[in-house]
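Report on the structure
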Amino acid sequence: MVKKETKEKTATKEAHPKKAKIGSNWESMKKLILRNPAEAKRRRLREENPEKSVSPKTLVNLEALLNPDGSGTASDTPVVAIDCEMVGVGPNNESALARISIVNYYGAILYDSFVKPPSAVTDYRTQWSGIRPEDLEGDRVVTLREAQDVADRLMKNRIVVGHSISNDFEALMMHHPRRLIRDTAYYRPFMRKWKNKWLPHKLQYLLKREFGTAIQEGEHDSIDDARATLLLYKKYRVEWENEIKKKEKTKHRKHGK
């Protein structure tokens, strides 16, 4: 939810993502969602400039791994994943949201859009973000408020998976209930111990370690990164959710004394 909004009391949804029935709420939500304009624009740029690399090289089909039998669709699911790309703005090169991608439990794209930064871009950070000047031009680029509205509807009452997800929420200027966040950067089995501290691994390293393959080379792609976090979550979902349930029971017992 967007910061400073009144928090609503919501029931915790079951972690196991059953295929959701598409109802009137989902149909109305689809009218607000821009169907992958970022990828459409990159495809057009590749056709116009075949000699120029405008997209990172994806080394494995992540959507196929997430949905091997093809049964999952671009529908509403109790679990979604998010990833954002940022650019530098202003004299201090502060981070600002430039692209947001949200996928469902099967890796299907629910939302993918470039976002207009609040001030002039001083660093596109293309080598990491994959963002170029032409990506932030035209009428398909949305405002931060528009991105917030769609993200809020897609994430509300749902488990949201991401990697160092606090950075994404900070860029969106939003928050999400802690009990519904699954951050692959800070799940203990995905971390490394250095001296007396537990530190996060990079997402690319975790995919290589857990699945024996790299997700991409060069620039980041927010759709691939969101799907990668889902792969990690799904592999450890049962253990992860059981651990959270145990912690909640312990917390309730302490409060009950």
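Before reading further, recall that the structure is shown in the block above.
This one's a predicted model, so the numbers in the text were calculated from it and none came from an experiment.

**Notes on the layout of surface pockets**
Put simply, the largest pocket is a space of about 910 Å³. Lining the largest pocket are 32 residues, with Cys84, Glu85, Met86, Asn167 and His220 sitting closest to its centre. Those elements giving two or more residues to the lining of the largest pocket turn out to be strand E2 (79-89), strand E3 (94-104), helix H4 (126-129), helix H6 (165-172), helix H7 (203-211) and strand E10 (216-217). Among the residues making up the lining of the largest pocket, the classes are represented as 13 nonpolar, 10 polar and nine charged. Estimated volume of the second largest pocket: approximately 760 Å³. For the second largest pocket, the lining is made up of 19 residues, of which Arg178, Arg179, Ile181, Ile244 and Lys247 are closest to its centre. Residue assignment for the lining of the second largest pocket shows that the elements contributing at least two residues are H6, strand E7 (181-183) and helix H8 (222-256). Residues of the lining of the second largest pocket, tallied by class, amount to seven nonpolar, three polar and nine charged.

**Examining the side chain of Ser101**
In this fold, Ser101 is placed in strand E3. Taking the relative accessible area as the measure of exposure, Ser101 reaches 1% and is therefore buried. Looking at Ser101, its side chain comes within polar contact range of the side chain of Asp112, at 2.6 Å. Excluding residues that lie within four positions of it along the chain, Ser101 makes contacts with Ala81, Ile82, Asp83, Tyr111, Asp112, Ser222 and Ile223.

**What to know about the pattern of salt bridges**
Scanning the model with the defined rule gives nine salt bridges in all. Of the charged contacts in the structure, one is a salt bridge between Arg227 and Glu63, with a shortest N-O distance of 3.2 Å. Taken together, the residues Arg227 in helix H8 and Glu63 in helix H3 (residues 62-66) connect sequence positions 164 residues apart. Note that Arg182 is salt-bridged to Glu241, the shortest N-O span being 2.8 Å. Of the two residues, Arg182 sits in strand E7 while Glu241 sits in helix H8, which places them 59 residues apart along the sequence. The pair Arg182 / Glu241 is uniform in exposure class, with both members buried. What you see here is one network of salt bridges that share partners, running through Arg99, Asp112 and Asp221.

**So, the nonpolar core**
Within the largest apolar cluster, 26 residues are counted, with the highest numbers of intra-cluster contacts made by Val79, Val103, Val161, Leu207, Leu230 and Tyr233. At the level of secondary structure, the elements contributing two or more residues to this core comprise H3, E2, strand E6 (159-162), H7 and H8. Element by element, the count of residues in this core is highest for H8, at nine residues. Setting aside residues up to four positions removed in sequence, Val161 forms contacts with Val79, Val80, Ala81, Ile82, Arg182, Thr184, Thr229, Leu230 and Tyr233.

**Some details on the pairing of strand E9 (residues 197-200)**
Taken together, the four bridges between strand E8 (residues 191-194) and E9 define a ladder with antiparallel strand orientation. If you follow Trp194 over to E9, its bridge partner there is Lys197. Between E8 and E9, which pair antiparallel and follow one another directly, the connecting turn spans two residues, one of which, Lys195, has a positive phi of 60°.

**Description of H7**
Looking at H7, one finds that the buried residues are Leu203, Leu206, Leu207 and Glu210. Buried residues along H7 cover an arc of 100° about the axis, so they all sit on one side.

**Overview of the environment of Thr229**
Note on placement: Thr229 falls in helix H8. Taking the C-alpha atoms as reference, Thr229 lies 7.1 Å from Ala81; in sequence the two are 148 residues apart.

**Some details on the pairing of E2**
Burial of E2 is extensive: 11 of the 11 residues sit out of reach of the surface. Here E2 shows a buried face lined by Val79, Ala81, Asp83, Glu85, Val87 and Val89 and a second buried face lined by Val80, Ile82, Cys84, Met86 and Gly88. Bridge count between E2 and E6: three bridges; the pairing is parallel. Counted as the bridge partner of Val79 is Ile159 from E6. In terms of strand pairing, E2 meets E3 through 10 bridges, oriented antiparallel. Its bridge partner lying in E3, Ala81 is registered against Val103. Hairpin geometry of E2 and E3 is characterised by an intervening segment of four residues between the two adjacent antiparallel strands and by a positive phi of about 75° at Gly90. With two bridges connecting them, E2 and strand E5 (residues 121-123) associate as antiparallel partners. Bridge pairing in E5 places Gly88 opposite Asp123.

The rules behind these values
Residues numbered from 1 in each chain as written. Predicted model: local features only at pLDDT ≥ 70, side-chain atom pairs only at ≥ 80, totals over all residues. Heavy atoms only, no water. 1 Å grid on protein atoms, 1.4 Å probe; cavity = no way out; pocket = protein on both sides within 12 Å on 5 of 7 lines; lining within 4 Å. Points joined across faces, edges and corners; volume = space filled by probe spheres on them. Helix = DSSP H or I, 4+ residues; strand = E, 2+ residues; numbered from the N terminus. Nonpolar A, V, L, I, M, F, W, Y, C, P; charged D, E, K, R; others polar. Buried < 20%, exposed > 50% of the residue type's maximum accessible area, 1.4 Å probe, protein only. Polar contact = N/O pair within 3.5 Å; in protein donor to acceptor, adjacent residues only side chain to side chain. Contact = heavy atoms within 4.5 Å. Salt bridge = Lys/Arg side-chain N within 4 Å of Asp/Glu carboxyl O. Core = buried A, V, L, I, M, F, W, Y, C linked by side-chain atoms within 4.5 Å. Pairing = 2+ DSSP bridges. Arc of directions from axis to C-beta.

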